[in-house]
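Coordinate inspection notes
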Amino acid sequence: MNAPFPVAATYDRIPLELQQIPQWVGWRYEGVPRGKLTKVPVNVRTGWPASVTDPQTWASFEDAIATVAIGHVHGIGFVFTEHDPYCGIDLDTPVDPETGESLLEPVDGARQQLIFQTMSSYSERSPSGRGLHIIVKASVPHGRKRQAVEVYSSGRFFTFTGNVYHDAPIEDRQELIQVLWTELGGQATPNHYAGDLAETQSDEQVIQSARSARNGELFIQLWHGDARGYPSPSEADLALVDIIAFYTKHRGQIERLFMASALGKRGKYANANPRRLAALLGYMIDKAFDRVLPPVDLSLLSFRAGHTEPQDLWGAFDPPALPTGLLPPVLEAFAREQGDQMGADPGGLAMAALAACAAAICDGIELQVQVHDPHWRESARLWIGLVADPSGKKSPQIRAVTRKLASIDHDLAKEFDREMAKHDALDKETRQSTPQPCRKRIVVRDTSIEAVQGILVNNPNGILVLQDELAGWVGGMDKYSGTKGGAHNRGFWLEAFNGGPSSFDRVGRGSGSIPNLSASVLGGIQPAAIRKVASDGVDDGLLQRFLFVVLQPAGLTKDQPRRNVVGEYEALIDRMRRQPPVHLRFDMEAQAIRNRAEEFHHKLVAWEGVNPKLATHWSAPLRVDRSGCLD
C-alpha cells in the first residue's frame, strides 16, 4: 500500500542515543472505518503487528531501517516505555483531506509554538510534514491528548523520520513536562470524553433540553442556520456542536443532530465525500470534548521557561527563526521570500510589514477591547524597532516594506499639487473665499514634533513615522529630559501612541487642534545603542511601547525567479487602505486569551519592587494589547 504522504528517509540524523536502544518497530498505513488511515506498528522481523507492551516484537534500529529499504513498511518508530528516560510531544496539524487546508485554529497554533520554544529539544517533522515531534527526557503518569497536543512517555510508539526541524540534544525537561501535562488537564481520566458513552436521551430530548436552557435562544438561532454575530460560518458550526455536546457525549448522536440542523444541511457538509465529512465533524467534536475540561492555559509553562538561572537580557544569543503559521499567508510569504532574496531575517521583514499595515489601516477601524465597555476601543497602531549591527540590513528591510506606502504618499503629493494649481488659478475673490486643499500624508520621516503636529491636523487616520536611528530619536529626548522641551517631546509621542483628539499652542505661531494624534513608528537601532538607551532613559514607558525585534545575521542575496510576493503584499496594503471604518469585537475564545494575557502580565508587574525597569518592560504587552494586538 502506498503512503499518502512522502516519508523522509534521513534516519542517520536521529540522535545516536535513541539508535542504540532496541525499541524500534516499523509502521505502515492501513485503512480503518470511515475512510481514515492510521499508522500500525509492525514487527520488522516477522511482518506481523507489533505491540507497544511486548518487547519481543521490537528490534534494533538497523533492522528497522533495513525493512524500510526493501519496502516492507512505510517508516520506523520508537516505543516509549517506563524503563527508558524519554518522552515524546506530538504537535499535530489537522487538515481538510479534500483541500489540504489546515483546520488548526490560531490559538492552538500559538500554543504549539510556545511548547516548541519552551522545550527547546531535538525536534523533527512527522511523516506527513505537517506535524512536529519533540523528544525530551521526562516521564508522565499516563499519556494525554488535547487540542492537537499529545504527550506520552510509555505505552506508545512515535514515528521517526530524521527530518530534523530543531537540531539539538535531547534535553532533560521533567519539570516543564510536568507543568505541560498538568496544564493540558493531565489529572483528568484519559479518554473519558472519547465519544463512546451511551446515548441517555433521544434526539428529540436533547433538542428540547437545549431549547429550554438559559442559552436556548442561541441554540434555536444556530439550529435554524442563523450565524449572525459570529466571525464566520465555521465559528457558528463550532458553537452549535459545543451546545449539542453539552447534552450528549455520544459522538454519533452529535454528528446526527448537527447534520439535521440548518447549518449541517449546507453544501459544505451535505455534498462532502465521506472522508472529508468525517474529518470536518471529527475536528469540531474533538474541540467540543476538549472544552469539557478547563480551557488550556500555558501561562505557568511560559513563566517557567528558561527561568532556572538569572539571564542577561542584553547578552549574546541566537535570535529565533520566524514561526510558521502565525501571520496571514500574504505577509508570511512576503517576509520569507523577500528575506531569502535579500539575505535578511524574515522576522524583521514580518514585523516591519505589520507596522506598515497598521499605518495603512484607517483609525476608524476600531477594536472593542472588553465585552462590557463599548467606550474602550483601539485602532491599529504599532511601534516596531529592528535591532541589529550596521550590517544587519535594517534599512533595506524598512525600505522594502514601506515602498508601497511611499508610492501612495507620492501620489497624494501629486494630487495636492494638482488641487493647489486649480486653487491658484481661481480669480482673487473666489480664491479668498475657497479653502485651500489639505495635504494628505501617510509617511513622515525624521522631523520635528511641530511639523508632525501640522501634518496630523489634516490626517485623522494617522501616519507612519520612519526614524532611521531610533537611538538618536529617543536619546535626543532623554538629553533634554530635565528641560521643558524634552518633557514636551516625550509627552507628545506618548500621546501619539494612544491616539485621540489633541491640541497645541505655539509661541508666536498660534494654536491648533488635532482630530486624532495617532502615529505608528518604525525604525532601526544597534544592540549597544538600545542597551544604553534602556539603561539611561526615563521610565515613562516610551521605550517600552516598542516591539523590538533582534535580527538574525544577514546573509548573501539570491537572484533567482520567484512568485510575485511583493505585488501581493502591496495589493494587500492597497486593500487595507480602502477599508471603511468598522467596529470590531473579539470572539469568545479570543476574549478569553486576552483576559488571561492581562492576568499573566499583571502578575509579572508585581516584580516592580525588584526592578522597576524590568516590570515596565513586562507590562509592555498590555500596552500592545491596547493597540489591538496581543503579545
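The shown structure was predicted, so the numbers you read here are calculated from the model rather than taken from an experiment.

**Concerning the nonpolar core**
By size, the foremost hydrophobic cluster in this structure holds 40 residues, and its most contacted members are V401, L405, L522, Y569 and I573. Broken down by secondary-structure element, the contributors of at least two residues to this core are α12 (329-342), α13 (346-360), β13 (383-387), α14 (394-424), β15 (463-467) and α20 (565-578). With 10 residues, α13 is the single largest residue contributor to this core. Ignoring any residue separated from it by four or fewer positions in sequence, one finds V401 in contact with F334, L349, A352, A353, A356, L522 and Y569.

**Some details on the side chain of S502**
Among the secondary structure elements, S502 is positioned in strand β16 (residues 502-506). One polar contact links S502 to E495, side chain to side chain, over a distance of 3.0 Å.

**Focus: the pairing of β15**
Buried residues dominate β15, accounting for five of its five residues. Side chains I463, V465 and Q467 project from β15 onto one buried face, and the interleaved L464 and L466 project onto a second face that is buried too. The sheet contact formed by strand β14 (residues 443-444) and β15 spans two bridges and is parallel. From the neighbouring strand, V443 faces β15, where its bridge partner is L464.

**Considering the sheet that holds strand β12 (residues 373-379)**
Taken in spatial order, the three strands line up as β12-β11-β20 in an open sheet, and their pairing is mixed. The open sheet has two edge strands, β12 and β20 (582-585), and neither has a second partner. With strand direction ignored, the average angle separating the axes of adjacent strands in the sheet is 40 degrees. Bridge analysis of strand β11 (residues 365-370) against β20 gives four bridges, and the strand direction is parallel. Counterpart to Q368 in the pairing with β20 is R585.

**Focus on unusual backbone geometry**
A positive phi angle, near 45 degrees, is found at S120, a position not held by glycine. Along the chain, S120 falls in the loop between α3 (106-119) and β5 (123-125). What makes S120 partly exposed here is its relative accessible area of 32%. Positive phi, close to 65 degrees, is recorded for K393, a residue that is not glycine. By the secondary structure assignment, K393 is in the loop between β13 and α14.

**Considering the packing of helix α6 (residues 216-223) against helix α7 (residues 233-247)**
In contact at an axis separation of 10 Å, α6 and α7 are set at 125 degrees when each is read in the N-to-C sense. Taken together, α6 and α7 sit at an angle that is classed as oblique. Helix-helix and strand crossings are classified by hand; for α6 and α7 the assignment is left-handed. Residue-level contacts link L218, F219, L222 and W223 of α6 to A236, A239, L240, I243 and I244 of α7. Each residue belonging to the contact of α6 with α7 can be placed in one class, and the counts come to nine nonpolar, no polar and no charged.

**So, the pairing of β13**
Counting buried positions along β13 gives five out of five residues, so the element sits mostly inside the fold. Along β13, one buried face is formed by W383, G385 and V387 and the opposite face, lined by I384 and L386, is buried too. Pairing of β13 with strand β18 (residues 519-525) involves five bridges; the strand directions are parallel. For W383, the partnering residue across the bridge sits in β18 and is V521.

**Here we look at the packing of aromatic side chains**
All told, the structure shown has 21 aromatic pairs when counted by the stated rule. The interplanar angle of 75 degrees and the centroid separation of 6.4 Å between the aromatic rings of F78 and F160 together place this pair among those described as edge-to-face. Taken together, the residues F78 in strand β3 (residues 75-80) and F160 in strand β9 (residues 156-160) connect sequence positions 82 residues apart. Looking at F160, the relative accessible area reads 2%, which means it is buried. Taking the centre distance of 5.3 Å and the plane angle of 25 degrees together, the rings of F546 and F548 count as stacked. The rings of W24, F61, F78, F80, Y86, Y152, F158 and F160 are connected pair by pair, giving a single aromatic cluster. Across the ring face of Y152, the terminal group of R156 is positioned such that the distance to the ring centre comes to 4.3 Å.

**Side note on the pattern of salt bridges**
Within this structure, the stated rule accounts for 18 salt bridges. For D237, the salt bridge is made with R266, and the minimal N-O distance between the two is 2.9 Å. With D237 in helix α7 and R266 in the loop between α8 (251-260) and α9 (267-270), this pair connects stretches of sequence that are 29 residues apart. For D237, a relative accessible area of 0% translates into the label buried. For E332, the salt bridge is made with R336, and the minimal N-O distance between the two is 3.0 Å. Remark: R336 and E332 occur in helix α12; sequence separation between them is four residues, near one turn of the helix. We classify E332 as buried; its relative accessible area is 13%. Connected via shared salt-bridge partners are E337, D340, K558 and R562.

Rules and cut-offs
- Residue numbers restart at each chain and count upward from 1, following the sequence in its written direction.
- Two thresholds apply to this predicted model, a pLDDT of at least 70 for residue-level local features and 80 or more for giving and counting side-chain atom pairs, whereas whole-chain, interface and lining totals are computed over all residues.
- Side-chain metrics rest on all non-hydrogen atoms present in the structure, leaving aside hydrogens and water.
- Each nonpolar core is a collection of buried residues, namely Ala, Val, Leu, Ile, Met, Phe, Trp, Tyr and Cys, held together in the definition by side-chain atoms within 4.5 Å.
- Each residue is placed in one exposure class: buried if its accessible area under a 1.4 Å probe, protein chains only, is under 20% of its type's maximum, exposed if it is over 50%, and partly exposed if it falls in between.
- Each helix corresponds to a stretch of at least 4 residues labelled H or I by DSSP, and each strand to a stretch of at least 2 residues labelled E; elements are numbered beginning at the N terminus.
- In what follows, a contact means two residues having at least one pair of non-hydrogen atoms within 4.5 Å.
- What qualifies as a polar contact is a pair of N or O atoms within 3.5 Å, subject to a donor-acceptor requirement within protein and to the restriction that residues adjacent in sequence count only when both atoms come from side chains.
- Two strands make a pair as long as DSSP finds a minimum of two bridges between them.
- All axes are obtained by fitting lines to C-alpha atoms, using only the stretch in contact for helices, and the reported angles, taken between N-to-C directions, cover 0 to 180 degrees.
- An angle below 35 degrees is treated as roughly parallel, one above 145 as roughly antiparallel, one from 65 to 115 as roughly perpendicular, and anything else as oblique.
- Each helix crossing is assigned a hand: it is left-handed if the near helix lies turned anticlockwise from the far helix by less than a right angle, otherwise right-handed if that turn is clockwise.
- Ten residues, namely Ala, Val, Leu, Ile, Met, Phe, Trp, Tyr, Cys and Pro, are considered nonpolar, four, namely Asp, Glu, Lys and Arg, are considered charged, and the remaining ones, Gly among them, are considered polar.
- Two rings from Phe, Tyr or Trp (for Trp, the six-membered ring) form a pair when their centres are within 6.5 Å of each other. A pair whose planes differ by under 30 degrees is stacked, one over 60 is edge-to-face, and the rest are tilted.
- In our convention, an over-ring charge means Lys NZ or Arg CZ found within 6 Å of a ring centre and within 35 degrees of that ring's normal.
- Should a side-chain nitrogen of Lys or Arg be within 4 Å of a carboxyl oxygen of Asp or Glu, the pair is scored as a salt bridge.

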